[in-house]
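Structure at a glance
Residue strings, one per chain:
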Amino acid sequence: MKIKSSRLETIAATLNQYPVDDLPEIAFAGRSNVGKSSFINAVINRKNLARTSSKPGKTRTVNFYNINEEFRLVDLPGYGYAAVSKTEKENWAKIIETYLNNRKNLYETILIVDIRHKPTENDKQMYDWILSYDFTGFVIANKADKISKSKFKTNIDIIMKALNIKDRDLIIPFSSEKKINIDIIREQIENIIKY
Ligand code: GTP
Ligand code: MG
């Protein structure tokens, strides 16, 4: 897949702000600070089109990135950071649910986790939620630059077990920082939007 153009098309807080559902979309969910926005930047080869931050909770809306005027990558708000009220958590769930329930052009929702850590209870809930919508269940194990390659297998095993994944091929070690497996990811995206 060649990235010819990319632009932030829409930042949406509510359903009526979404762009027209005329293009295939792939959405990315995951814990706050896991690197969802960085992932999108890496894939589209832009330094900071998707705003990132070392402080969790940066993305709190549904952000639609239009790629090549052909498809969209969708940055979902992160969950699970500590300093958040109950109301805010409920609000988060509503934002995600509204998005998942109302996108007939949503081809896949992909979970991003941190390859260094066992997925949290929230990750498991999010993953089960994704599966309940009949998505394939791809997982990106980000920040792979932070561990040595010899540890990939052990850590992937932990992620598989925690999320109850049987098929190893569903999990792709990745690094936005070092662009580990970036070609595989771009190919995967191309395959998804072809359907
Ligand atoms: P929210 O918007 O809060 O949900 O976070 P996010 O998931 O979008 O995370 P973001 O992309 O803002 O990245 C969070 C922090 O992790 C930033 O400081 C990034 O530089 C860092 N980061 C993201 N991906 C990687 C990676 O592959 N390797 C390393 N070493 N750092 C990364
Ligand atoms: Mg973000």
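Because the structure is a prediction, the values reported are computed rather than measured.

Bringing the environment of Arg-31 into the picture now. With respect to the secondary-structure elements, Arg-31 resides in the loop between strand S2 (25–30) and helix H1 (36–44). Overall, Arg-31 belongs to the buried group, with 22 C-beta atoms counted inside 10 Å. On a C-alpha basis, the gap between Arg-31 and Ile-165 in space is 18 Å, while along the polypeptide they are 134 residues apart. Those residues in contact with Arg-31, other than ones at most four positions away along the chain, are Gly-78, Tyr-79, Gly-80, Thr-120, Asn-122 and Asp-123.

Keep in mind that most residues, glycine aside, have a negative phi and that most peptide bonds are trans. Notably, Asp-134 is not glycine yet its phi reads approximately 70 degrees, a positive angle. Tracing the backbone shows Asp-134 in the loop between helix H3 (121–132) and strand S6 (139–142). Accessibility expressed as a C-beta count within 10 Å gives 7 for Asp-134, which makes it exposed. At Lys-143, a residue that is not glycine, the phi angle is positive and equals roughly 65 degrees. Looking at the element boundaries, Lys-143 is found in the loop between S6 and helix H4 (152–163).

Taken over all residues, the pLDDT of the protein chain has a mean of 93, while the share at 70 or more is 96%. Reported for the predicted complex are a pTM of 0.95 and an ipTM of 0.98.

Within the open sheet, the seven strands sit side by side as S1-S3-S4-S2-S5-S6-S7. Their pairing is mixed. On the outer flanks of this sheet lie strand S1 (6–12) and strand S7 (171–173), each paired with one strand and no other. Looking at each pair of strands side by side, their axes are set apart by 25 degrees on average, direction ignored. Note: S2 against strand S4 (residues 71–75), four bridges, orientation parallel. Following the sheet pairing, Phe-28 is matched in S4 by Asp-75.

Rules used in this analysis
- Residues numbered from 1 in each chain as written.
- Chains lettered and ligands numbered in written order.
- Predicted model: local features only at pLDDT ≥ 70, side-chain atom pairs only at ≥ 80, totals over all residues.
- Helix = DSSP H or I, 4+ residues; strand = E, 2+ residues; numbered from the N terminus.
- Buried ≥ 20, exposed ≤ 12 C-beta atoms within 10 Å, placed from the backbone.
- Contact = placed C-beta atoms within 7 Å.
- pLDDT = per-residue confidence, 0-100.
- Pairing = 2+ DSSP bridges.
- Axes fitted to C-alpha atoms, helices over the stretch in contact; angles between N-to-C directions.

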